[in-house]
Amino acid sequence: MKVKIEDGCIACGACESICEAVFTVEDVAVVNEANIAGNEECVKEAAEACPVSVIIIE
Ligand code: SF4
């Protein structure tokens, strides 16, 4: 699984609260790529919860 954040993140914090191992929100969300393996389910939940749909799973 690859995960990226497109432009447009509003730094709401939802992805980090759902899947804090993978997402860290500062000015915008960033992906901690080393932690994706084993956290795929919460990555998907975060992508679905993102209010502006900028979490892209490839
Ligand atoms: S849920 Fe979406 S808008 Fe909110 S911080 Fe994460 S990537 Fe940004």
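In this text, all values refer to a predicted model and were calculated from it rather than measured experimentally.

### Looking at the environment of Cys42
Inference 1: Mapped onto the elements of the fold, Cys42 is located in helix α2 (residues 40–49).
Inference 2: In sequence terms Cys42 and Glu20 are 22 residues apart; their C-alpha atoms lie 9.0 Å from each other.
Inference 3: Apart from the residues within four sequence positions on either side, Cys42 is in contact with Ile18 and Cys19.

### What to know about the nonpolar core
Inference 1: Among the nonpolar cores identified, the biggest contains 16 residues, and Val3, Cys15, Val22, Phe23 and Ile55 are the most heavily contacted of them.
Inference 2: Only β2 (23–25), β3 (29–31) and α2 provide two or more residues apiece to this core.
Inference 3: Here this core takes four residues from α2, the largest share from any one element.
Inference 4: Apart from the residues within four sequence positions on either side, Cys15 is in contact with Glu20, Phe23, Val25, Ala29, Ala46 and Ile55.

### Focus on the site of the ligand
Inference 1: Cys9, Cys12, Gly13, Cys15 and Cys50 are the nearest of the 14 residues found near the ligand.
Inference 2: Within the shell around the ligand, the residues separate by chemical class into 13 nonpolar, one polar and no charged.

About the cut-offs
Residues numbered from 1 in each chain as written. Predicted model: local features only at pLDDT ≥ 70, side-chain atom pairs only at ≥ 80, totals over all residues. Heavy atoms only, no water. Helix = DSSP H or I, 4+ residues; strand = E, 2+ residues; numbered from the N terminus. Contact = heavy atoms within 4.5 Å. Core = buried A, V, L, I, M, F, W, Y, C linked by side-chain atoms within 4.5 Å. Buried < 20%, exposed > 50% of the residue type's maximum accessible area, 1.4 Å probe, protein only. Near = heavy atom within 4 Å. Nonpolar A, V, L, I, M, F, W, Y, C, P; charged D, E, K, R; others polar.

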